[in-house]
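# Structural overview for review
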Amino acid sequence: MAEPAEMRFYESLPLFEAFEGVADEANYRPLPEGWSLAVADIVNSTGAIAEGRYKSVNMAGASVISALMNALEERDLPFVFGGDGALAAIPTALAAKARTALAAAKTWVAEELGLELRAALVPVADIRAKGLDMRVARFKASEEVSYAMFSGGGASWAEAEMKAGRYQIDAAAPGTRPDLTGLSCRWNPIASRHGSIVSIIAVPAALGNGREFQALIADIVALAEGEERGGHPVPETGPEPHLSLRGVTMETRARASAARRLLIWPLVAVQSFLLFLCFRLGVNFGPFDVTRYAHDLASNSDFRKFDDGLKMTIDVSIDRLQRIEERLKQGVAASICSYGLHQQDSALMTCIVPSPMSRDHMHFIDGAAGGYAMAATNLKATLSGPVHGTAA
């Protein structure tokens, strides 16, 4: 584990509860000198999504977080899930372990999911040498879980450097496996209840690094808040129970090598079936409280975040979506923001559940037909063209 003084930095950050505070720089603190930024994403994720492999893409992105948390033995690691990738802030003393975990994750993603994972470890000092910064805040998602938010431009620069081939981490030897304990994908896509699941990315433009961008984010959040539960795509009582055989297979691949897979698959299948029965029948299983778990599952979900820009996957009516996009267009016209969005019929949930008996399980939300990856693609297109949205 990290030295207590190092991790105390993140743990000591004040929590903020009103989500519109993500654009308020007063909530952020600079990462300590000597820390690094772990960045990872899937090469050609849009191609994989076009092939219908969205579950694999999300599983690969979440595997980066799971591998780092387990290798570093840090539950309070500051990270952001990005759909087809992830980033995490790494304390100085844990950089070597993080490099090893990322190398193992690259090998696992290639061998088990058939995808190529890029990964890099970028020193915060190099980010600041470019005149940018890495600042972090803690958003209180629930009584049990908080999520890190990042600002300063450093995350975007680090991602660009990784894609340019710098700071790259090579894959570990064939057969190397990261510790992915707790990583699961047991839920089928969650259908929209209000009209459309939309994944939105909004980033600052030329005049968007101040109060104007903060006001824009506050307006977008307020529009979303007008929907039931702020457009949360997961019902308050949890998702509808379904058995996902694909999810069982992916979780088995996360938990066991090929040699042990036939032994582990039935265990994961039975666990998934029991979870299905508990949710379907509304009954507890021993100490497992299904009502509390379902409530925590929804409360602990990261359906909105900030990573050098606003990212949301929300369930809203078509009328509300039009109002949100109109506000975003106003931001574009004023050179305050650029944005991309992607509509789909359902949301996808990938989870890190170290123990169903604890209440700090985490659930990562993305659109089920491309989500953030497609929104990012549309964002890039808008930077050179007039169209700013897309419908699935």
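Analysis parameters
- Residues numbered from 1 in each chain as written.
- Predicted model: local features only at pLDDT ≥ 70, side-chain atom pairs only at ≥ 80, totals over all residues.
- Heavy atoms only, no water.
- Helix = DSSP H or I, 4+ residues; strand = E, 2+ residues; numbered from the N terminus.
- Rg over C-alpha atoms; globule rule 2.2 N^0.38 Å.
- Buried < 20%, exposed > 50% of the residue type's maximum accessible area, 1.4 Å probe, protein only.
- Contact = heavy atoms within 4.5 Å.
- Phe/Tyr/Trp six-rings, centres within 6.5 Å; stacked < 30°, edge-to-face > 60°.
- Pairing = 2+ DSSP bridges.
- Axes fitted to C-alpha atoms, helices over the stretch in contact; angles between N-to-C directions.
- Expected span 1.5 Å × (residues − 1).
- Arc of directions from axis to C-beta.
- Patch = residues over 30% accessible without salt bridge, like charges linked within 9 Å, V, L, I, M, F, W, Y side chains within 5 Å.
- Areas by Shrake-Rupley, 256 points an atom, 1.4 Å probe, with all protein chains shown as cover.
- Salt bridge = Lys/Arg side-chain N within 4 Å of Asp/Glu carboxyl O.
- Core = buried A, V, L, I, M, F, W, Y, C linked by side-chain atoms within 4.5 Å.

Let us look at the overall build of the chain. Across its full length, the chain holds 12 helices and 16 strands. Taking 21 Å as the expected radius of gyration for a compact globule of 392 residues, we find that the chain reaches 20 Å, a close match to that expectation. The buried share among the 392 residues of the chain stands at 56%. By sequence separation, contacts in the chain at least 24 residues apart represent 79% of the contacts at least 6 residues apart.

Following the criterion strictly, the structure yields 10 aromatic pairs and no others. Between Phe16 and Phe139, the aromatic rings sit 5.5 Å apart at their centres with planes inclined by 45 degrees, giving tilted as the arrangement. Of the two residues, Phe16 is situated in strand β1 (residues 15-16) and Phe139 in strand β7 (residues 135-140); the sequence distance between them amounts to 123 residues. For Phe16, a relative accessible area of 7% corresponds to the buried category. Here Phe79 and Phe364 contribute two aromatic rings whose centre-to-centre distance is 5.8 Å and whose plane-to-plane angle is 80 degrees, an arrangement assigned as edge-to-face. On the criterion of sequence distance, the pair formed by Phe79 in strand β4 (residues 79-81) and Phe364 in strand β16 (residues 362-367) is long-range, its members being 285 residues apart. In this structure Phe79 comes out as buried when scored by relative accessible area, which is 4%. Here the aromatic cluster, defined as three or more aromatic residues joined through ring pairs, consists of Phe79, Phe81, Tyr147 and Phe364.

Let us now look at the sheet that holds strand β13 (residues 310-316). Read across the open sheet, the four strands follow the order β12-β13-β11-β14; overall the sheet is antiparallel. Single-partner strands in this sheet number two, and they are β12 (304-306) and β14 (337-344). Ignoring strand direction, the axes of neighbouring strands in this sheet form an average angle of 15 degrees. Across eight bridges, the pairing between strand β11 (residues 196-204) and β14 is antiparallel. Each residue of the ladder has a partner; that of Val198, found in β14, is Gln343. Where helix α7 (residues 211-225) meets the sheet, it contacts β11, β12, β13 and β14, and its direction lies at approximately 20 degrees from that of β13.

The terminal C-alpha atoms of α7, which comprises 15 residues, lie 20 Å apart, in line with the 21 Å expected from a rise of 1.5 Å per residue. By the burial criterion, the buried members of α7 are Phe213, Leu216, Ile217, Ile220, Val221, Leu223 and Ala224. Buried residues of α7, viewed axially, fall in a sector of 160 degrees; they line one side. Check the buried side of α7 and you find it contacts β11, β12, β13, α11 (318-333) and β14.

This next bit is on the pairing of strand β3 (residues 36-42). Most of β3 is tucked away: seven of the seven residues are buried. Taking every second residue as pointing to the same face, both faces of β3 are buried, with Ser36, Ala38, Ala40 and Ile42 on one and Leu37, Val39 and Asp41 on the other. Examined bridge by bridge, β3 and strand β5 (residues 85-90) share six bridges and lie antiparallel to one another. By the bridge assignment for β5, Ser36 is matched with Ile90. Sheet topology places β3 next to strand β6 (residues 117-123); seven bridges connect them, and they run antiparallel. Opposite Ala40, over in β6, you have Ala119 as the bridge partner.

The next thing to look at is a nonpolar patch on the surface. A cluster of nonpolar side chains, namely Val270, Leu274 and Phe285, defines an oily patch on the protein surface of about 260 Å² accessible area. Within the secondary structure, Leu274 is located in helix α9 (residues 261-281). According to the relative accessible area criterion, Leu274 is partly exposed, its value standing at 31%.

A few words on the nonpolar core. If you look at the biggest cluster of nonpolar residues, it comprises 95 residues, and the most contacted ones within it are Leu68, Ile90, Met149, Ile314 and Phe364. Of all the elements, helix α3 (residues 54-72) adds the most residues to this core, at 10 residues. If sequence neighbours within four positions are ignored, Leu68 has contacts with Ala38, Glu73, Leu77, Ala88, Ile90, Ala98, Ala101 and Leu102. Core analysis: the next-biggest nonpolar cluster, separate from the first, contains 22 residues, Leu31, Val80, Ala120 and Val136 among them.

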